[in-house]
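# Coordinate analysis (summary)
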Amino acid sequence: IFTMAGEQYRYLENQGGGNHLIIRNEAGVQVSWDNQDSRLNQWYDTLDPSVQAMVQPVENTFTVGSIAFDDVTFEGTGWIPLQLTGEVGADNSAVDLSGTSRAFSLSLADVARLSGPGLAWESREERRTGEMRTWWLRTRGGRIDDPNIRSWMVTSGPPHDPNRSGSLAGYGFALNQPGVGTRPALIVHQ
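The rules we used
- Residues numbered from 1 in each chain as written.
- Predicted model: local features only at pLDDT ≥ 70, side-chain atom pairs only at ≥ 80, totals over all residues.
- Heavy atoms only, no water.
- Helix = DSSP H or I, 4+ residues; strand = E, 2+ residues; numbered from the N terminus.
- Buried < 20%, exposed > 50% of the residue type's maximum accessible area, 1.4 Å probe, protein only.
- Phe/Tyr/Trp six-rings, centres within 6.5 Å; stacked < 30°, edge-to-face > 60°.
- Lys NZ or Arg CZ within 6 Å of the ring centre and 35° of its normal.
- Pairing = 2+ DSSP bridges.
- Axes fitted to C-alpha atoms, helices over the stretch in contact; angles between N-to-C directions.

## Description of the environment of Gly-166
Summarising the element assignment, Gly-166 is placed in the loop between strand E10 (150–154) and strand E11 (168–169). Looking at Gly-166, the relative accessible area reads 0%, which means it is buried.

## Here's the deal with the packing of aromatic side chains
Per the counting criterion, the structure on display carries six aromatic pairs. Relative to Phe-104, the ring of Phe-62 has its centre 5.8 Å away and its plane inclined at 55°; by these criteria the two rings are tilted. With Phe-62 in the loop between strand E5 (57–58) and strand E6 (73–75) and Phe-104 in the loop between strand E8 (100–101) and helix H4 (108–113), this residue pair connects regions lying 42 residues apart in the sequence. According to the relative accessible area criterion, Phe-104 is buried, its value standing at 1%. Between Phe-69 and Trp-152 the ring centres are 5.7 Å apart and the planes differ by 40°, which places this aromatic pair in the tilted class. With Phe-69 in the loop between E5 and E6 and Trp-152 in strand E10, this residue pair connects regions lying 83 residues apart in the sequence. Judged by its relative accessible area of 0%, Trp-152 falls in the buried class. Taken together, the ring pairs connect Phe-69, Phe-74 and Trp-152 into an aromatic cluster. Here the basic side chain of Arg-138 rests over the ring of Phe-62, its NZ or CZ set 3.6 Å away from the ring centre. Across the ring face of Trp-135, the terminal group of Arg-183 is positioned such that the distance to the ring centre comes to 4.8 Å.

## Remarks on the sheet that holds strand E1 (residues 2–4)
What the four strands build is an open sheet, ordered E1-E2-E3-E13; its pairing is antiparallel. Strands with a single pairing partner mark the edges of an open sheet, and in this sheet they are E1 and strand E13 (185–189). If you compare each strand with its neighbour and ignore which way they point, the axes differ by 45° on average. Note that strand E3 (residues 19–24) and E13 share five bridges and pair antiparallel. Counterpart to Leu-21 in the pairing with E13 is Ile-187.

In short, the description is geometric, and any link to function would need to be established separately.
Listed below in structure tokens is the structure:
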């Protein structure tokens, strides 16, 4: 965890070439999945200009894919999704020089790649935010019977089971239902 221009971030990954993937340490205001890009843009516009100057471009539109929760096998309960394939497995946040410098939500593939011993999130609990807020990923999810109206998220955990906090879930809120926070990620060059 580190502070830059008055904002706390969590360091996630050295992407090489002086590029580093970071994420805001807390989740932002609650929005619907459909409105998260708008909220991320608003947050980015308020960043200190010195931070904006370090932000690298990413894809203008991510190819996110969709996978139902029931189709994912996990290591541990909601911990690390195994064998992600196709568009979902290929959706890794990286610099794209033809893109735009901006904030974005992580993908399910990002969270899988960054979770485990010696990685950004060494435990499920490290994925949770300090205020215990559930936060959106950009990957679509759902149940077998409605795979296109849900999205993946990192949960705050049910009140009766705080040990589930930081688990991945691919169901819960419909895309147009508010109640989940945004957790802006950036790739910075330093």
